[in-house]
Amino acid sequence: MRLRAFRSEDAEALAEGYNDQMSQRFLTVVPSPFTVAQAETFIAERIDSLFAEGGAFYAVADPETDELLGGVGFDKAVPSRSQAEIGYWVGPWARGRGVATAAVRTMTAHAFKHGLQRLELITHWDNPVSQRVAMAAGYRREGVRRGAQPNRDGGRDDMLAFARLAGDDGEPVPRLLPDLPGGELTDGVVRLRPLGPGDVPFLGELLGLPDVVATSVPPVPPTAANIHQRCFRAEAHWLAGDRADLVIEDVATGAPAGDIGLFNDEPVTGQAMIGYSMLPAFRGRGLATRAAQLLALWVFAETSVARLIAGAVPANKGSQRVLEKAGFHQEAYMRSRLPGPDGGRVDDVQYVLLAEDLLTEGPRLDG
């Protein structure tokens, strides 16, 4: 791709791109629908004002055909801090080709060449494509900005903030938790796939079961908002490297049977934790054991985790049996470690699995 000035003949493609369903989800400051006439006005007037305000906005074009592929620029410039906020869009006809990453990298280099020292890229939690673009362009996730973006429903959305400094090397940000090979893990009996927005009904049913609530931390039923947030933000957490939420599927039927998660909350020491729950109809068939083994094999092969831990309350003999069959070894009995019902505390039986355990004992995928 190459960057050039917008021209009047770009108006139709600009309107088409802004009216795309994905664009409309996140371009909340753009009218809906966005007409060709509005695009013409935007090109003729608004772009000049952006430059006058210290920003910039360029067309992203095909270097051979000059076809409009998208746009990229920066605004919200703060001269006293030598910083601005970068933004972009790519038309649906040009996605999946690396256009966005190339445009952001090129625009970033241009901005730094002309004196800016810091650029921010702000994106929605449920826009993992944009988060991947940011990381591929060398932008590091810095945190969450609460209520930073007005939405079309009259409320405000929390936003993820990524940033790149002029002194950064610009290399893609390394991932603590890579994507699954082929998007899933399977042994032919169970399949593990990432949790996503389409899993809200299933997860609500699973995590609302009384016995699942009783062994949750804390033992409180999740709200509908909690379930929605967990499903819609799952990929963002995976990209950040702090957790990986997966659905356990029964391969024979394709039905979701449970969930299993990796909580990578101690990367400095190389320790992570797993937790899982199963629907009653799929218990007692060894599916949870298989899921724990599959996840452990992936963790030790593809991440820097050296210790995989898990816990169960003393009365939960079924969960302890799952861990033992998956190769975990009981390591400790921790008194009053977890919050319990009615404000009390409960004990926790701790298990651990090391990579060398799998090498010496081997996985036991017989259920």
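So, a few notes on the structure that sits alongside this text. (Residues numbered from 1 in each chain as written. Predicted model: local features only at pLDDT ≥ 70, side-chain atom pairs only at ≥ 80, totals over all residues. Heavy atoms only, no water.)

**Quick word on helix α3 (residues 36-52)**
Thinking step 1. The terminal C-alpha atoms of α3 lie 24 Å apart, and with 17 residues this matches the ideal 24 Å at 1.5 Å per residue to within 8%.
Thinking step 2. Of all the bends in α3, the largest measures some 40° and sits at F42.
Thinking step 3. Buried within α3 we find A39, F42, I43, I47 and L50.
Thinking step 4. Considering only its buried residues, α3 is in contact with α1 (11-19), β2 (56-61) and β3 (68-78).
Thinking step 5. The positive-phi residue at the C-terminal boundary of α3 is G54, with phi of around 95°. (Helix = DSSP H or I, 4+ residues; strand = E, 2+ residues; numbered from the N terminus. Expected span 1.5 Å × (residues − 1). Bend = angle between axes of the 7 residues up to and from the residue. Buried < 20%, exposed > 50% of the residue type's maximum accessible area, 1.4 Å probe, protein only. Contact = heavy atoms within 4.5 Å.)

**Quick look at the pattern of salt bridges**
Thinking step 1. Under the definition given, this model contains 28 salt bridges.
Thinking step 2. As a salt-bridge pair, D66 and R4 come within 2.9 Å of each other at their nearest N and O atoms. Of the two residues, D66 sits in the loop between β2 and β3 while R4 sits in strand β1 (residues 2-4), which places them 62 residues apart along the sequence.
Thinking step 3. What makes D66 partly exposed here is its relative accessible area of 22%.
Thinking step 4. Look at R4 and you get buried, because its relative accessible area is 7%.
Thinking step 5. Of the charged contacts, one joins E249 and R193 as a salt bridge, the two residues approaching to 2.6 Å between their closest N and O atoms. Note that E249 is positioned in strand β10 (residues 243-250) and R193 in strand β9 (residues 190-194), a separation of 56 residues in sequence.
Thinking step 6. Judged by its relative accessible area of 10%, E249 is buried.
Thinking step 7. Take R193: its relative accessible area is 23%, and that puts it in the partly exposed class.
Thinking step 8. One salt-bridge network, held together by shared partners, links R2, R4, R7, E9, D10 and D66. (Salt bridge = Lys/Arg side-chain N within 4 Å of Asp/Glu carboxyl O.)

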